[in-house]
Amino acid sequence: MGRNPVTWLGSPTFPNAARDALSDVQLRGNLAHATTTIRTKRAAAVAELPDWQRLRESGQAIKDEVLSNLDSYLERLEAAVTARGGIVHWARDAAEANEIVLRLVKEAGASEVVKVKSMATAEIGLNEALEEGGVSAIETDLAELIVQLGDDRPSHILVPAIHRNRSEIRDIFRSRMSGVEDLSDTPAELAEAARAHLRRKFLSAKVAISGANFAVADTGSVVVVESEGNGRMCLTLPETLITVMGIEKLVPTWSDLEVFLQLLPRSSTAERMNPYTSVWTGVTPGDGPRKFHLVLLDNGRTQTLADRVGRQALRCIRCSACLNVCPVYERTGGQAYGSVYPGPIGAILTPQLGAGTDDPQTAALLKSLPFASSLCGACYEVCPVRIDIPSVLVHLRGKAVEGTHTPESVAMAAASWVMQSPARFRLAQRAASVLRLISRRGKVKRLPWPGSKWTDSRDLPAPAAETFSAWWRRTRG
Amino acid sequence: MGTRVALFATCLTDTFFPDTARAVVRLLERLGCDVDFPAAQTCCGQMHYNTGYRAHAVKLAKRHAKAFDGYDAVVAPSGSCAGMVREVYPDLHRRTESVARRTYELSEFLVDVLGVTDVGAYFPHRVTYHPTCHSLRMLGVGEKPLELLRHVRGLDLVELSGADSCCGFGGTFALKNAETSTAMLADKMTHVLETRAQVVTAGDNSCLMHIGGGLSRLKTGVRSLHLAEILASTEEEPWAATP
Ligand code: SF4
């Protein structure tokens, strides 16, 4: 296959990838600008709703209810979709899902498909799999198209090309589209070039592939939320529609959906309502696709569900608010996270979906991800479904170090042993005061590894000549 | 007799910043508290917990709870250590629930328990305040530290832009992802320097050690100083680092 599910095969660990990303000045500028803008807008959009916290609680409760009874909701969904003329397929992993989709495309006699922006299909590397099977997939979302034409990787959930600025996009279009030699970098001209490029594809495509933001178990209705309208063209024009959906995307009823249609746009694009919400239920004669296939994807979700702390990551509605507020993401960008899920959600979702990989390099990446956070908590504060990301990070750190014998685990055990006894702690404090010998004016400027990781960029205060506890004993004891 | 308060100095402050702990004692005694320093205290286990070594953290939590048994209130000059005890401990062990309930970060204790915002301090310097992540988002101290600073005579408080962004410390994060941590620190320092403040203050010596360590490396001349030391300073007894 040449590709590991969830992560991009061959990706370095987070600290190594981050080091490269940090040295890219252009990238840091693009990201700082983009995330600061959207962050401010989101805060304003959310502040308009007096019941925002209650909405978040509802969102959390609905998703938790679905996750704790997932099997019965899935069966209900399958029955409802089938009753309305859709066909449901079950895929255990990326390879199975890709196989199913490729077979369906071939059965429809197509060699080209148009795609609605979708995280699930990006997660399983569907485009590459189709390519290998002789089918070319055309991304129709503007940012996704920029990534595709630039032979690039996405770096954001909502805006996969957020790391590109306008002149970079112009250069990509100029080199990959025909008849745009004079293209300027104004947003209107760029959008127009993309529109002209895509329009031809929409009209000729026989098959469209989408993901799903939600599916209503009661009625079997599938929902895609978007801003550009390209998605709607894909969902309505072609004869065959294939939707790949993670099994956690369910909501029980239409009134539950209402909660998420408020939470998602404000968190995601800072809009009160998103411009296009497409909903379809099976097939409708004379209207829209004549064939509808729903591929329900597990790919690590069931194993995630088995973890009592970690499972809350499955509540995620992919709004990307946590990315936009994350100080780490803002500096490193999304590609450093090694998968289509970057930022805080990536740091807790990717290691869980990918757990059990037999590729050592991937395993090292997955272990490094939960440490890619200062635990500042900004993500938890904005998450519309109240995923306690910091707690899940800490939980996954625990799994990453479990049973390891490293210099770190030895140091931690030693520190713990010291701290179990005040007497040992006093001795350790006295031992630490040797640092005073190498300090100048109360500052330590240079330490050997691993202390150098601190002193490379910051001074360290020298330990005090008399600790507080010693002072207390002397003066008050 | 005033409220019986136990000072939870934190291992970092005890070892590296004894002036801060002395300032807390001075401040609380000035406000009529009966302050004690339980000698059995060592470390709350936050570093172990945050790095994934939960079993060690549980042991440290249990002994921390025992060390602070019997006091009306436990006060820590640290948002993250107070947050560890109050927000994380109950999840680690049942026997820590009581100490979790009685633990306060300094500014919370002053404003919520003692009910004071004017602590009678005098500090004639230009100061900017960095709200540390755990005090802000874990404990929710909100405006309390700023309220306290606004009542300090002589103090010129300058707003810090991007104040609620993390300084990049994050405990072992500062070592494991040193480059990212330093990039975050660089932006924080830029904002501090923009204020032209002489002193940057916060309620947590760990973040101050990070911000201050960067400012000192760049020889900016800006001091990092714990909130407690500003609040302890009076006209009669002005702040002075250890003689
Ligand atoms: S984790 Fe929460 S904030 Fe982040 S993308 Fe998912 S729903 Fe949005």
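Residues numbered from 1 in each chain as written. Chains lettered and ligands numbered in written order. Predicted model: local features only at pLDDT ≥ 70, side-chain atom pairs only at ≥ 80, totals over all residues. Heavy atoms only, no water.

Visitor: If you had to explain the UniProt feature "domain: Cysteine-rich" (unreviewed entry) in chain B to someone new, which residues and values would you point to?
Guide: Residues and elements named next belong to chain B. The UniProt entry lists residues 5–85 and 127–211 under the feature "domain: Cysteine-rich" (unreviewed entry), expressed in the numbering used here. Along residues 5–85 one finds 57% helix and 12% strand; the C-alpha atoms at either end are 16 Å apart. From the first C-alpha to the last, residues 127–211 spans 14 Å; its make-up is 48% helix and 12% strand. (UniProt positions renumbered as here; feature names shortened; annotations may be inferred. Helix = DSSP H or I, 4+ residues; strand = E, 2+ residues; numbered from the N terminus.)

Visitor: Quick rundown of the pattern of salt bridges? Include the residues and the values.
Guide: Within this structure, the stated rule accounts for 38 salt bridges over all chains. In this structure, the salt-bridge partner of B:E29 is A:R476, at a minimum N-O distance of 2.7 Å. With B:E29 in helix α2 (residues 18–30) and A:R476 in the segment after α23 (468–475), this pair bridges two chains. One network of salt bridges, in which partners are shared, links A:R39, A:E330, A:R331 and B:D187. (Salt bridge = Lys/Arg side-chain N within 4 Å of Asp/Glu carboxyl O.)

Visitor: Now, about α23(A): what can you tell me, with residues and values included?
Guide: Looking only at α23(A), the buried set comprises A:F468, A:S469, A:W471 and A:W472. Projected down its long axis, α23(A) carries its buried residues within an arc of 160°, all on one side. In this fold, the buried residues of α23(A) make contact with α21 (422–432) of chain A together with β1 (4–7), α1 (11–16), α2 and β2 (34–36) of chain B. (Buried < 20%, exposed > 50% of the residue type's maximum accessible area, 1.4 Å probe, protein only. Arc of directions from axis to C-beta. Contact = heavy atoms within 4.5 Å.)

Visitor: Give me the lowdown on the domain arrangement of chain B, citing residues and values where you can.
Guide: All names here are of chain B. By the assigned domains, chain B splits into domain 1 (4–113) and domain 2 (126–232). Computed over C-alpha atoms, the centres of domain 1 and domain 2 are 21 Å apart. Taken together, the contact pairs 30 residues of domain 1 with 21 residues of domain 2. Here domain 1 meets domain 2 over a buried area of about 2,100 Å², counting both sides, of which 65% is carbon and sulfur. If you sort the residues of domain 1 by the area they bury against domain 2, L12, T20 and S107 come out on top, with a joint share of 18%. (Domains from an automatic or database assignment. Buried area = accessible area lost by both parts, 1.4 Å probe.)

Visitor: Give me the lowdown on the sheet that holds strand β9 (residues 276–281) of chain A, citing residues and values where you can.
Guide: Strand pairing in a sheet relies on backbone hydrogen bonds, with the paired strands running either antiparallel or parallel. Sheet architecture is open: four strands sit in the order β8-β5-β6-β9 (chain A), paired in mixed fashion. A strand with exactly one partner marks an edge of an open sheet, and here the two such strands are β8 (250–251) and β9 of chain A. (Pairing = 2+ DSSP bridges.)

Visitor: Could you give an account of the sheet that holds strand β7 (residues 240–246) of chain A, with specific residues and numbers?
Guide: All names here are of chain A. If you walk across this open sheet you meet the six strands as β1-β10-β7-β4-β2-β3, and the pairing is parallel. Among the strands making up the open sheet, the edge pair consists of β1 (87–91) and β3 (136–139). Sheet twist, expressed as the average angle between the axes of neighbouring strands with direction ignored, equals 25°. Relative to β1, helix α5 (residues 94–107) is tilted by about 145°, and along the sheet it contacts β1, β2 (112–115), β4 (207–210), β7 and β10 (291–297). Its contacts with the sheet put helix α10 (residues 187–204) on β2 and β3, and the angle it makes with β2 is roughly 115°. (Axes fitted to C-alpha atoms, helices over the stretch in contact; angles between N-to-C directions.)

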